[in-house]
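Each chain, written out:
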Amino acid sequence: MNEIEQNNKIVAPVVSKSLVTDLRQIIEQARGRVAATVNSELTMMYWHIGERINHEVLENQRAEYGKQIVSQVAAQLQAEYGAKGFDEKSIRRMMQFAQMFPDIQIVAPLARQLSWSHVQIVMPIKDELKREFYLTMAATERWSKRTLQAKIDGMLYERTAISSKPDALIKQELSQLRDDNVLSPDCHRFKTRQVQGTV
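As a starting point, this report considers the structure included with it. Fair warning: this is a prediction, and the values are worked out from it, not measured in the lab. (Residues numbered from 1 in each chain as written. Predicted model: local features only at pLDDT ≥ 70, side-chain atom pairs only at ≥ 80, totals over all residues. Heavy atoms only, no water.)

1. What to know about helix α2 (residues 63-81)
Inference 1: For α2, with 19 residues, the first-to-last C-alpha span of 27 Å sits near the 27 Å given by 1.5 Å per residue.
Inference 2: For α2, the full list of buried residues reads Tyr65, Gly66, Ile69, Val70 and Ala74. The arc that holds every buried residue of α2, seen down its axis, measures 160 degrees, which confines them to one face. Summarising the geometry of α2, the exposed residues directed more than 90 degrees from the buried face are Gln76 and Ala79.
Inference 3: Just beyond α2, the residue with positive phi is Gly82, at close to 95 degrees. (Helix = DSSP H or I, 4+ residues; strand = E, 2+ residues; numbered from the N terminus. Expected span 1.5 Å × (residues − 1). Buried < 20%, exposed > 50% of the residue type's maximum accessible area, 1.4 Å probe, protein only. Arc of directions from axis to C-beta.)

Printed below as a string of structure tokens:
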């Protein structure tokens, strides 16, 4: 826009509110996409680190060797990349993640929709199908980590009819939900309104 001359004074043009609103929306959407991409890449990086270390440890098949490997890897990664996220406890969590979710075909799509924090919330759940249920529902429903924790604490899985089905059928329904976004009637009555934000 050109400046406006008024009574020999130069007056700056007035920027419309709609322009600024549109620009804010563009910025916020871009920031959201960047954050989602970063979360996805971090989650996949953690899975790959865990999977690679698990492979190394399993190949040698000695428990003491595994402990030493984790300790040495943590020390070397911290020296190069800083202490945050690469301490022994974090490395072990990555290994546990890769062990609990060995199928990258399940991990990759979930990583695009959920943060590492979501994954860590479900890791204490021992039952594989139950973990998969919560991650799939969190991704589909766009639950925040707080909502995910509340659903676990409220025993949502146990209250749905899906939990009493045979394992193969549960896996099939969760797969259908992930791939086609089709929620079975057994999960449908517990479907919540979408909660924005995945961090």
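On we go.
2. Remarks on the nonpolar core
Inference 1: The biggest cluster of nonpolar side chains holds 45 residues, and the ones touching the most others in it are Ile53, Ile91, Phe97, Val122, Phe133, Tyr134 and Leu148.
Inference 2: Here Tyr134 is in contact with Val122, Ile125, Trp143, Leu148, Lys151, Ile152, Met155, Leu156, Tyr157 and Glu158, once residues within four sequence places are set aside. (Core = buried A, V, L, I, M, F, W, Y, C linked by side-chain atoms within 4.5 Å. Contact = heavy atoms within 4.5 Å.)

3. Some thoughts on unusual backbone geometry
The phi angle of most residues is negative, glycine excepted, and most peptide bonds adopt the trans form.
Inference 1: In this structure, Arg142 is a non-glycine residue whose phi angle is positive, near 60 degrees.
Inference 2: Turning to its location among the elements, Arg142 is positioned in the loop between α6 (128-141) and α7 (145-153).
Inference 3: Judged by relative accessible area, Arg142 falls into the partly exposed class, the value being 41%.
Inference 4: Within the chain, Met155 stands out as a residue other than glycine whose phi angle is a positive 55 degrees.
Inference 5: Structurally, Met155 can be placed in the loop between α7 and α8 (156-159).

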